[in-house]
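One letter stands for each residue in the lines below.
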Amino acid sequence: MASPEGAPVPEEQRLGPVLRRQEQVQAGTTDQRLLDSEGPSEWVHTDPWRVMRIQSEFVEGFGALAELGPAVSVFGSARTPRDAKEYDAGVRLGRALVEAGFAVITGGGPGAMEAANKGANEAGGTSVGLGIELPFEQGMNEYVNLGVDFRYFFVRKTCFVKYARGFVVLPGGLGTLDELFEALTLVQTRKVTRFPIVLFGTAYWSGLVDWLRDTLIAEGKASMHDLELFHLSDDVDEAVALVTKEVGIQGLSEGAGSERP
């Protein structure tokens, strides 16, 4: 086998950690392909190039949030109307978390997310929005004073956990459930430690809790101890107290708490 220029192509080729043999051997060198200005531009859509984009998102997110300090992530439906009781609870929750010494992290969108950001902002705290690129544009709500937009859900989800010391979950939809079960799995498998999860709104969450107990656990798919991975509350002060009790502001300043993913 020979290269397009007529030079013989080796039977074995090592490109960094990658080993290529037989028909997988590539002609030319990495430098040649980098410096060659000719050729198609489809390479910007290839998986290796996406890795660089993913890396850049981690770098930007970590850089923006590295000095955030103690924080709690608040989740809930983007469809929660401003005149709903859940919206009012979100505002009070955001305010109370700031008064307890936490920054507030949300998905940066409307509804329950906006409510928590509003409470945090009006209380003079750090109000963080971690947005996501979606086919339908939501935009960052006006109460975010530190915002980061992501292309990839998994990068965003890492930042939700990495820079929070607990979750408070308001009534929400599939995205809220996704974040909730991600956190429950991380705590169950001890990927994070001392990570309180509070489900706010017992009437909303009771059906899910019943299913976990009466179906999931009853059929041996989980343990009764897994019901201890989260708390239920209808009271803002109690929800904040549950978070503070488990992580403690003093412990946070000394670096105690969850293991960083």
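The structure this text deals with has already been given above.
Residues numbered from 1 in each chain as written. Predicted model: local features only at pLDDT ≥ 70, side-chain atom pairs only at ≥ 80, totals over all residues. Heavy atoms only, no water.

Asks: How would you explain the overall build of the protein if you had to name every residue and give the values?
Replies: A count of helices and strands for the protein gives nine helices and nine strands. Expressed as a percentage of the 261 residues in the protein, the buried residues total 42%. Look at the contacts in the protein between residues 6 or more apart in sequence, and 68% of them connect residues 24 or more apart. For the protein, the exposed surface amounts to about 14,700 Å²; the carbon and sulfur share of it is 53%. (Helix = DSSP H or I, 4+ residues; strand = E, 2+ residues; numbered from the N terminus. Buried < 20%, exposed > 50% of the residue type's maximum accessible area, 1.4 Å probe, protein only. Contact = heavy atoms within 4.5 Å. Areas by Shrake-Rupley, 256 points an atom, 1.4 Å probe, with all protein chains shown as cover.)

Asks: Mind laying out helix 3 (residues 85-99), listing which residues take part and the relevant values?
Replies: Between the first and last C-alpha of helix 3 there are 21 Å, a value that for 15 residues agrees with the 21 Å anticipated at 1.5 Å per step. Of all the positions in helix 3, only Tyr 87, Ala 89, Gly 90, Val 91, Leu 93, Gly 94, Ala 96, Leu 97 and Val 98 are classed as buried. Elements that come into contact with the buried residues of helix 3 comprise strand 3 (71-75), strand 4 (103-106), helix 4 (112-122), strand 7 (167-169), strand 8 (197-200) and helix 8 (236-247). In the stretch just after helix 3, Gly 101 is the one whose phi turns positive, near 105°. (Expected span 1.5 Å × (residues − 1).)

Asks: So what's going on with a negative patch on the surface? Residues and values would help.
Replies: Together, Glu 99, Asp 234, Asp 235, Asp 237 and Glu 238 make up a negatively charged patch on the protein surface. Considering the arrangement of structural elements, one finds Asp 234 in the loop between strand 9 (231-233) and helix 8. (Patch = residues over 30% accessible without salt bridge, like charges linked within 9 Å, V, L, I, M, F, W, Y side chains within 5 Å. Salt bridge = Lys/Arg side-chain N within 4 Å of Asp/Glu carboxyl O. Lys, Arg positive; Asp, Glu negative; His and termini not counted. Charge placed at Lys NZ, Arg CZ, Asp CG, Glu CD.)

Asks: Kindly report on the packing of aromatic side chains, identifying the contributing residues and their values.
Replies: For the structure shown, the criterion picks out seven aromatic pairs. Relative to Phe 160, the ring of Phe 75 has its centre 4.9 Å away and its plane inclined at 70°; by these criteria the two rings are edge-to-face. Pair noted here: Phe 75 is in strand 3 and Phe 160 is in helix 5 (residues 153-162), with a separation of 85 residues, a long-range link. Under the relative-accessibility criterion, Phe 75 is labelled buried at 6%. An aromatic cluster of at least three residues, connected via ring pairs, comprises Phe 75, Phe 160, Phe 167 and Phe 195. For Lys 162, the ring lying beneath its charged end belongs to Phe 62, and the centroid distance is 5.1 Å. (Phe/Tyr/Trp six-rings, centres within 6.5 Å; stacked < 30°, edge-to-face > 60°. Lys NZ or Arg CZ within 6 Å of the ring centre and 35° of its normal.)

Asks: Go over the side chain of Thr 80, please, and point to the residues and values.
Replies: Examined against the element boundaries, Thr 80 turns out to sit in the loop between strand 3 and helix 3. Exposure remark for Thr 80: the relative accessible area of 8% places this residue in the buried category. Among the polar contacts listed, one links the side chain of Thr 80 to the backbone oxygen of Ser 77, at a separation of 3.3 Å. (Polar contact = N/O pair within 3.5 Å; in protein donor to acceptor, adjacent residues only side chain to side chain.)

Asks: Requested: an account of the packing of helix 6 (residues 174-188) against helix 7 (residues 202-217), with residues and values cited.
Replies: Axis angle and axis distance: for two packed helices, these are the angle between their axes and the distance between the axes, and together they describe the pair. With their axes 14 Å apart at the nearest point, helix 6 and helix 7 run at an angle of 45° to one another. With respect to their mutual orientation, helix 6 and helix 7 come out oblique. For helix 6 against helix 7, the interelement crossing comes out right-handed. Within the contact between the two elements, helix 6 uses Thr 176, Leu 177, Leu 180 and Phe 181 and helix 7 uses Trp 205, Leu 208 and Leu 212. (Axes fitted to C-alpha atoms, helices over the stretch in contact; angles between N-to-C directions. Parallel < 35°, antiparallel > 145°, perpendicular 65-115°, else oblique. Left-handed = near helix turned anticlockwise from the far one by under 90°.)

Asks: Can you lay out the nonpolar core for me, pointing to particular residues and giving the numbers?
Replies: Ranked by internal contacts, the top residues of the largest apolar core, which has 38 residues, are Ile 105, Leu 130, Phe 167 and Ile 197. Excluding its chain neighbours within four sequence positions, the residues that come into contact with Ile 105 are Leu 68, Ala 71, Val 72, Ser 73, Val 74, Val 128, Leu 130, Phe 160, Tyr 163 and Ala 164. Counting residues in hydrophobic clusters, the runner-up holds 22 residues, among them Leu 93, Phe 102, Phe 200 and Val 243. (Core = buried A, V, L, I, M, F, W, Y, C linked by side-chain atoms within 4.5 Å.)

Asks: Explain unusual backbone geometry residue by residue, including any values.
Replies: Unlike most non-glycine residues, Arg 190 shows phi in positive territory, near 60°. Its place among the elements puts Arg 190 in the loop between helix 6 and strand 8.

Asks: Explain the sheet that holds strand 4 to me, using residue names and the numbers behind them.
Replies: Spatially, seven strands are ordered 6-5-4-3-7-8-9 in an open sheet, and the strand pairing comes out parallel. Among the strands making up the open sheet, the edge pair consists of strand 6 (146-150) and strand 9. Each strand of the sheet is rotated relative to its neighbour by a mean of 20°, with strand direction disregarded. For strand 5 (residues 127-132) and strand 6, the ladder comprises five bridges, and the chain directions are parallel. The partner of Leu 130 across the bridge, within strand 6, is Val 148. (Pairing = 2+ DSSP bridges.)

Asks: Please set out the pairing of strand 8 residue by residue, giving values where relevant.
Replies: Residue alternation in strand 8 divides its side chains into two sets, Ile 197 and Leu 199 and Val 198 and Phe 200, and both sets are buried. Across three bridges, the pairing between strand 7 and strand 8 is parallel. Opposite Phe 167, over in strand 8, you have Ile 197 as the bridge partner. The parallel pair strand 7 and strand 8, bridged by helix 6, forms a crossover whose chirality is right-handed. Pairing analysis gives three bridges linking strand 8 to strand 9, with the strands arranged parallel. Across the sheet, the residue bridging to Leu 199 is Leu 232, located in strand 9. (Right-handed = clockwise from strand over helix to strand, strands pointing away.)

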